[in-house]
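# Examining the three-dimensional arrangement
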Amino acid sequence: GTFVTFLPDPEIFTITTTFKFERLASRLRELAFLNPGIEIVLTDERDDETHKPKSETFFYKFGIAEFVRQLGETRQVLHPKPIVISRKRDDIFVDVVLQYNDSYSDQILCFANSIPNPDGGTHLTGFRTALTRAINQHAKANNLIKEKDPALSGDDVREGLVAVLSVKLPNPRFESQTKVKLVNTEIDGIVSSAVYEGLMDFFD
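Nothing here was measured: the structure is a model prediction, and the numbers come from that model.

## What to know about the nonpolar core
Ranked by size, the top nonpolar core spans 32 residues in total, and within it Leu98, Phe127 and Leu131 carry the most contacts. Listing elements by their share of this core, those giving two or more residues are strand S3 (83-89), strand S4 (92-100), strand S5 (107-112), helix H3 (122-141), strand S7 (161-168) and helix H5 (185-203). No other element matches the eight residues that H5 contributes to this core. In terms of nonpolar packing, the next biggest core, distinct from the first, is built from 17 residues, Phe33, Ile64, Ala65 and Phe111 among them.

## What about the packing of aromatic side chains?
For the coordinates displayed, the defined rule picks out six aromatic pairs. Taken together, a centroid distance of 6.3 Å and an interplanar angle of 70° make the contact between Phe6 and Phe19 edge-to-face. With Phe6 in the segment before helix H1 (21-34) and Phe19 in the segment before H1, this pair connects stretches of sequence that are 13 residues apart. Owing to a relative accessible area of 39%, Phe19 belongs among the partly exposed residues under this scheme. Relative to Phe67, the ring of Phe33 lies with its centre 4.6 Å away and its plane at 5°, an arrangement referred to as stacked. Linking Phe33 in helix H1 with Phe67 in helix H2 (residues 64-71), this pair joins segments that are 34 residues apart in sequence.

Thresholds, definitions, all that
Residues numbered from 1 in each chain as written. Predicted model: local features only at pLDDT ≥ 70, side-chain atom pairs only at ≥ 80, totals over all residues. Heavy atoms only, no water. Core = buried A, V, L, I, M, F, W, Y, C linked by side-chain atoms within 4.5 Å. Buried < 20%, exposed > 50% of the residue type's maximum accessible area, 1.4 Å probe, protein only. Helix = DSSP H or I, 4+ residues; strand = E, 2+ residues; numbered from the N terminus. Phe/Tyr/Trp six-rings, centres within 6.5 Å; stacked < 30°, edge-to-face > 60°.

Below is the structure:
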C-alpha cells in the first residue's frame with residue numbers, strides 16, 4: 001500500500017494548522033456515501049488536553065440512497081423508499097437519488113468525481129430539466145393536470161425535494177480552482193436523458 005504523511009505549513013494555512021476531527025469526519029462520510037462498498041476509517045491518535053484518541057468507520061452498502069435518507073431523517077417523507085436512478089453513458093456514470101418530504105424548500109447536493117459542487121453546474125441543469133419534464137409528462141398522461149392547465153414549473157416540482165446527484169466522468173472541467181461548479185457542456189444532455197429515462201421507468 002501507500003503511506004502518505006502531511007504536515008500543514010503555517011505560512012500557507014494561516015488560520016489554523018490543527019486538524020478538526022468533525023470536519024474530516026464529515027468529508028470522509030460524504031466520500032463513503034458517494035462510493036458504496038468502500039470502508040473508510042478515520043483515527044485520531046492525538047492525546048493531549050484538547051484531544052483524546054478516537055476512531056470512526058464509514059461504510060455504506062447502498063451509497064447515496066443512505067445519504068438521502070440521512071438528509072431527510074428530520075422531515076416527514078412522502079414516500080418511504082427514495083427513487084434511485086443509476087445510468088451509464090459511454091464513460092460517464094450518472095447516479096441520482098431523490099425523495100420528497102412535506103417541507104417547502106428543496107435540497108439538492110451535486111458532486112462530480114466525488115468533489116462537491118455547491119454552485120451546481122451542467123449536471124444540475126440537466127437534472128432540473130429532466131425532473132420538470134418527466135413530472136409534467138406523468139401528470140398529463142394520468143390526468144393529474146388538465147390540458148388547459150399551465151405546466152408545472154421547476155419550482156413546483158422541486159418543492160420538498162431532497163436529492164443527491166453524482167456524476168463520474170473523465171476530464172471534468174470546473175469554473176474555478178475551488179471546483180464549485182461543473183462546466184462540461186456535454187454533461188447537461190447526458191444527465192437530462194438519464195434522469196428522464198429513470199423517472200419514466202419509475203412511474204411505469
